[in-house]
Amino acid sequence: LQTMSGNEDDWLALKPQKPSPSQCCGSGCKPCIYDVYEKELAQWERAKAKQDKSLLMEKKEQSNNSELNPDTFTAFNISSVEQLTEDTYQYKFELPGNSSLHLSLGQHIVLRGVVDGVEVQRAYTPISPGNAEGYFDVLMKCYEAGLMSQYIKTWKKGDMVFWRGPFGGFPYQPNKHGELLMLASGTGLAPMLPILRSITGDEEDETFVTLVGCFRTFDNIYLKPLLQDLARYWNIRIFYVLSQETSLEKLPWSYQENTYTGRLDEDLMKTIIHSCRRKPFVLICGSSAFNEDMSRYLKAAGIEESSCFVF
């Protein structure tokens with residue numbers, strides 16, 4: 001009987017743990033962490049019924065593969081850390097050989113961190129081109145009180161970090177929409193960049209794009225050189241809305257004509273939509289409050305929900 005209960009304890013130690021709410025990033029990933037748990041639990045139950053621990057091995061083998069996988073977390077090495085603004089960083093991760101993540105446009109990946117013994121997961125969208133070889137870049141904002149931010153702030157070059165994915169994305173097709181109107185708040189810029197780069201990198205793609213980037217101040221605008229380069233293309237326009245700047249006089253003159261102070265409200269939304277060259281299809285990415293506000297203003301401006309996509 002002793003051996004039996006000892007064996008029972010062994011099996012219990014191998015039983016997958018049910019995820020806590022903090023482990024779900026809330027981005028509708030398929031599979032979600034809860035789906036992965038159900039799958040692992042079923043695998044554990046099968047192995048236990050047959051009293052065969054080798055049946056639990058398959059999930060271990062996957063994670064040594066340094067390829068991104070939606071079911072298991074894979075370790076990636078941080079090759080550089082660059083601070084962009086007071087609270088925003090760009091991290092570069094190494095990919096083995098000249099491999100690529102092969103992301104579709106605007107797809108996100110999920111990061112796992114452990115802070116004070118609590119596991120947290122959050123979704124981020126790489127800003128590097130989906131076919132970039134040997135690396136991928138992620139833009140991350142650190143919040144004072146954020147659990148994940150406390151973990152991210154400790155990162156240094158050479159650290160290993162765990163990701164799984166990819167998930168979601170916007171099914172973009174060249175020339176399908178006459179004009180894309182991109183509404184991005186802060187790091188909500190991330191999923192827009194691969195789409196912009198895909199349009200500017202394809203001579204056959206004549207889609208117009210109006211990108212509206214909402215930031216607190218001029219200094220808070222990320223990746224200015226990249227955005228300035230993109231704005232030189234004939235079909236790309238970029239506007240900035242700066243909620244905490246009171247006057248445009250201090251800004252470089254090249255920014256003055258396409259920058260607004262205050263918030264992106266219903267009136268400004270109507271002005272921007274009227275300035276679009278074709279009826280726009282709208283992409284939205286920001287906080288949930290930002291996304292709700294934008295959806296409301298768009299509705300007031302006569303843009304149907306079927307012409308919007310929220311990341």
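Just so it is clear, the structure is predicted and the values come from calculations on it, not from any experiment.

Definitions and limits used
- Residues numbered from 1 in each chain as written.
- Predicted model: local features only at pLDDT ≥ 70, side-chain atom pairs only at ≥ 80, totals over all residues.
- Heavy atoms only, no water.
- Domains from an automatic or database assignment.
- Contact = heavy atoms within 4.5 Å.
- Buried area = accessible area lost by both parts, 1.4 Å probe.
- Salt bridge = Lys/Arg side-chain N within 4 Å of Asp/Glu carboxyl O.
- Pairing = 2+ DSSP bridges.
- Helix = DSSP H or I, 4+ residues; strand = E, 2+ residues; numbered from the N terminus.
- Axes fitted to C-alpha atoms, helices over the stretch in contact; angles between N-to-C directions.
- Buried < 20%, exposed > 50% of the residue type's maximum accessible area, 1.4 Å probe, protein only.
- Arc of directions from axis to C-beta.
- UniProt positions renumbered as here; feature names shortened; annotations may be inferred.

Undergrad: Quick question: what am I supposed to make of the domain arrangement of the chain here?
TA: The domains assigned to the chain are domain 1 (74–167) and domain 2 (179–310). The distance between the C-alpha centroids of domain 1 and domain 2 comes to 24 Å. The interface of domain 1 with domain 2 comprises 16 residues on the first partner and 14 residues on the second. Buried area between domain 1 and domain 2, both sides added, is near 1200 Å², and the carbon and sulfur share of it is 66%. When the buried area of domain 1 at its contact with domain 2 is split by residue, L105, I127 and L139 rank highest and sum to 38% of it. If you look at where domain 1 meets domain 2, you find two salt bridges.

Undergrad: Looking at this model, I keep getting lost on the sheet that holds strand 1 (residues 74–85). Mind explaining?
TA: Each strand in a sheet pairs with another by means of backbone hydrogen bonds, the pair being arranged parallel or else antiparallel. Read from one edge of the open sheet, six strands run 4-3-6-1-2-5, paired in antiparallel fashion. Because the sheet does not close on itself, it has two edges, and the strands there are strand 4 (118–124) and strand 5 (135–141). Along the sheet, successive strands turn relative to each other by an average axial angle of 40 degrees, direction set aside. Pairing of strand 2 (residues 88–94) with strand 5, which is carried by seven bridges, proceeds in the antiparallel orientation. When the bridges of strand 5 are listed, Y89 appears paired with M140.

Undergrad: How should helix 8 (residues 266–275) be read in this particular structure?
TA: Among the residues of helix 8, those classed as buried are L268, M269, I272 and I273. End-on view of helix 8: buried residues confined to an arc of 135 degrees, all on one side of the axis. In this structure, helix 8 carries D267 and H274 as exposed residues pointing more than 90 degrees from its buried face.

Undergrad: Which parts of the structure should I look at to understand the side chain of S307?
TA: Take S307: it is sitting in the loop between helix 9 (288–300) and strand 12 (308–310). Residues contacting S307, with those up to four places away along its chain left out, are P280, F281 and V282.

Undergrad: Please clarify how the UniProt feature "binding site: FAD" (unreviewed entry) in the chain should be interpreted in this entry.
TA: The feature "binding site: FAD" (unreviewed entry), as given by UniProt, occupies R122, Y124, L139, K141, M148 and S149 in the numbering adopted here. Separation in sequence by 28 residues is not matched in space for these annotated residues, since their most distant C-alpha atoms are only 13.8 Å apart. Among the structural elements, L139 can be located in strand 5. Contacts of L139, omitting those with residues within four sequence positions, involve L84, T88, Y89, Y124, I127, T187, Y222 and L223. Once residues within four sequence positions are removed from consideration, K141 is found in contact with D87, T88, S149, T187, R216 and Y222.

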